[in-house]
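What the coordinates show
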Amino acid sequence: MTDKFISIEAIARRYPGADGKETTVFENLWLSMNRGEFGCVIGHSGCGKTTVLNILAGLDQPSEGAVIVDGQAIEGTSLDRAVIFQSHALLPWRTVLGNVAYAVTSKWRNWDRAKVKAHAQTFIDLVGLTGSEHKRPSELSGGMKQRVGIARALSITPKIMLMDEPFSALDALTRGTLQDEVRRICLETGQTAFMITHDVDEAIYLADKIFLMTNGPGAVLAEIVENPLPKDRGRIDLHRHPLYYALRNHIVDFLVSRSKTFTATVTDHDPRNVPIVRPGKPELVVAAEAGNSIQASWPGLARPSTSS
Ligand SMILES: Nc1ncnc2c1ncn2[C@@H]1O[C@H](COP(=O)(O)OP(=O)(O)OP(=O)(O)O)[C@@H](O)[C@H]1O
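Residues numbered from 1 in each chain as written. Predicted model: local features only at pLDDT ≥ 70, side-chain atom pairs only at ≥ 80, totals over all residues.

A few points about helix H7 (residues 244-265)
Rules: Starting at the N terminus, helices and strands are each numbered in turn, a helix being any DSSP run of H or I of at least four residues and a strand any DSSP run of E of at least two. Take the number of residues in a helix, subtract one, and multiply by 1.5 Å to get its expected span. In this analysis the local bend is the angle between axes fitted, respectively, to the seven residues ending at and the seven residues starting at the residue. Here a residue counts as buried when 20 or more other C-beta atoms sit within 10 Å of its C-beta, as exposed when there are 12 or fewer, and as partly exposed otherwise, the C-beta atoms being derived from the backbone. Two residues form a contact once the distance between their C-beta atoms, set from the backbone, is within 7 Å.
Between the first and last C-alpha of H7 there are merely 27 Å, a value that for 22 residues lags more than 12% behind the 32 Å anticipated at 1.5 Å per step. Along H7, the largest kink reaches about 65° and is centred on arginine 258. Within the span of H7, buried status applies to Leu247, His250, Ile251, Phe254 and Ser259. Check the buried side of H7 and you find it contacts strand S3 (38-42), helix H6 (200-206), strand S9 (209-213), strand S10 (221-226) and strand S11 (275-278).

Some words on the sheet that holds strand S5 (residues 72-73)
In plain terms, the rule: Strand pairing follows a simple DSSP-based rule, namely that at least 2 bridges must link the two strands.
Taken in spatial order, the four strands of this open sheet run S2-S1-S4-S5, and their pairing is antiparallel. On the outer flanks of this sheet lie strand S2 (22-33) and S5, each paired with one strand and no other. Alignment of strand S1 (residues 6-16) against strand S4 (residues 64-69), held across five bridges, turns out to be antiparallel. Opposite serine 7, over in S4, you have isoleucine 68 as the bridge partner.

Quick word on unusual backbone geometry
Glycine 216 connects to proline 217 through a cis peptide bond whose omega is -5°. Take proline 217: it is sitting in the loop between S9 and S10. Despite not being glycine, asparagine 28 has its phi angle at roughly 50°, a positive value. Looking at where asparagine 28 falls in the secondary structure, it is placed in strand S2.

Re helix H1 (residues 49-57)
Of all nine residues in H1, eight are buried, a share of seventy percent or more. Lys49, Thr50, Thr51, Val52, Leu53, Ile55, Leu56 and Ala57 are the residues of H1 that are buried. Directly after H1, the chain includes glycine 58, whose backbone phi takes a positive value near 85°.

Concerning the confidence of the model for the protein
A low pLDDT means the predicted coordinates there should not be read in detail. Keep this limit in mind: Residue-level confidence of the predictor is summarised by pLDDT, bounded by 0 at the bottom and 100 at the top.
On average, residues of the protein carry a pLDDT of 88, and 90% of them reach 70 or more. Complex prediction metrics read pTM 0.87 and ipTM 0.97.

Here's the deal with the UniProt feature "domain: ABC transporter" (unreviewed entry) in the protein
We apply this condition: UniProt positions are given in the numbering used here, feature names are shortened, and annotations may be inferred rather than shown by experiment.
In the numbering used here, UniProt assigns the feature "domain: ABC transporter" (unreviewed entry) to residues 6-240. Between the first and last C-alpha atoms of residues 6-240 the distance is 33 Å; the span itself is 31% helix and 26% strand.

Details of the site of the ligand
The line we're drawing: Nearness between a residue and a molecule or strand is assessed with a C-beta atom placed from the backbone; a distance within 6 Å qualifies. Only Asp, Glu, Lys and Arg are considered charged in this grouping, and only Ala, Val, Leu, Ile, Met, Phe, Trp, Tyr, Cys and Pro are considered nonpolar; every other residue, Gly among them, is considered polar.
Looking at the ligand, the residues that line it are Tyr15, Val25, Gly43, Ser45, Gly46, Cys47, Gly48, Lys49, Thr50, Thr51 and Gly216. A total of three residues in the shell around the ligand trace back to one element, the largest contributor, which is H1. Partitioned by chemical class, the residues of the shell around the ligand number three nonpolar, seven polar and one charged.

With respect to the nonpolar core
Rule in force here: To form a nonpolar core, buried Ala, Val, Leu, Ile, Met, Phe, Trp, Tyr and Cys residues must be joined through C-beta atoms within 7 Å.
Val100, Ile124, Ala151, Leu162, Ile210 and Leu212 are the most contacted members of the largest nonpolar core, which has 77 residues in total. Apart from the residues lying within four places of it in its own chain, the contact partners of isoleucine 124 are Val96, Leu97, Val100, Leu129, Thr130, Glu133 and Ala151.

Quick word on the packing of helix H2 (residues 96-107) against helix H4 (residues 142-155)
Filter applied, for reference: Comment: axis = line fitted to C-alpha atoms, over the contacting stretch for helices; angle = value between 0 and 180 degrees taken between N-to-C directions. Here roughly perpendicular refers to angles of 65 to 115 degrees, roughly parallel to angles under 35, roughly antiparallel to angles over 145, and oblique to all remaining angles. In this scheme the crossing of two helices becomes right-handed for a clockwise turn of the near helix relative to the far one and left-handed for an anticlockwise turn of less than a right angle.
Between H2 and H4, the least distance of the axes is 8 Å, while the angle of their chain directions is 25°. In this view, H2 runs roughly parallel relative to H4, as classed from their interaxial angle. Here H2 runs over H4; the crossing is right-handed. Here Val96, Asn99, Val100, Ala103 and Val104 of H2 lie close against H4, whose contacting residues are Val148, Ala151, Arg152 and Ser155. For the contact of H2 with H4, the class distribution of residues is six nonpolar, two polar and one charged.

Dropping the structure here:
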């Protein structure tokens with residue numbers, strides 16, 4: 001067991017195949033995050049991103065390994081871990097307030113109506129839906145529905161917010177606005193977040209750490225990219241930062257070529273000590289994560305020894 005806030009330890013997920021053989025989506029996957037960090041996972045379709053998120057949510061179980069959150073092995077779903085999906089999954093017969101209040105009541109069952117309402121209203125305000133409390137989902141735009149989903153998730157003050165491509169169905173303008181909102185909320189509240197995205201710029205804007213997964217089946221977590229851009233970065237002028245292109249090119253290069261060739265070419269990859277990369281700082285700085293502890297090394301030096 002580790003002192004990391006989230007610790008995914010040697011998980012595998014296998015499915016029985018039609019021919020009777022098992023398909024291994026991934027195995028021996030290790031991943032950890034600190035409290036308050038924003039992690040994005042990027043990888044091609046089918047590499048197992050949603051499977052990892054579902055296991056973290058407790059919606060799915062690993063075939064092997066364990067997931068520890070805040071010192072406790074997770075077993076099933078919990079209000080400690082809120083999930084925001086691409087589709088909003090709102091209760092259509094309830095209003096905005098009703099949808100958020102429903103979540104609040106499920107966490108604090110003995111709260112009276114006034115307390116539930118006041119608490120729900122705080123989160124409706126936080127996502128910018130003040131004035132729309134009494135609208136039903138059918139009266140809301142896609143972006144507004146997704147805001148309700150975010151308010152509902154945040155209202156139960158989860159330890160982790162899990163997001164599976166939450167903005168991919170939205171138009172570019174709404175997506176940008178909601179990215180801003182989520183970033184602001186996470187920074188203000190110190191929320192730990194784990195998000196799947198196919199959008200490299202979204203990951204660069206939002207994430208502290210970007211987890212790069214190779215293609216499946218048999219996908220591996222190839223690298224952890226530490227975002228070298230300043231915390232107070234803005235979405236609009238992200239591309240003007242001197243490190244932006246080094247970071248973006250590194251991720252795109254991985255997706256375009258290395259994600260396909262990684263397993264065949266990197267023969268000494270240690271899934272428990274995945275390289276940590278900070279593109280463009282001022283030369284590529286590579287560190288390795290030894291289960292819990294982070295040790296640094298620089299190009300030309302041997303990979304750090306690990307304690308397990
Ligand atoms: N219930 C299941 N039975 C068999 N195979 C499954 C099942 N669920 C997922 N898989 C397989 O596991 C693999 C990983 O699926 P997953 O949805 O996690 O990928 P992903 O990286 O999230 O993909 P995408 O980016 O397209 O959402 C896929 O090959 C998928 O077909």
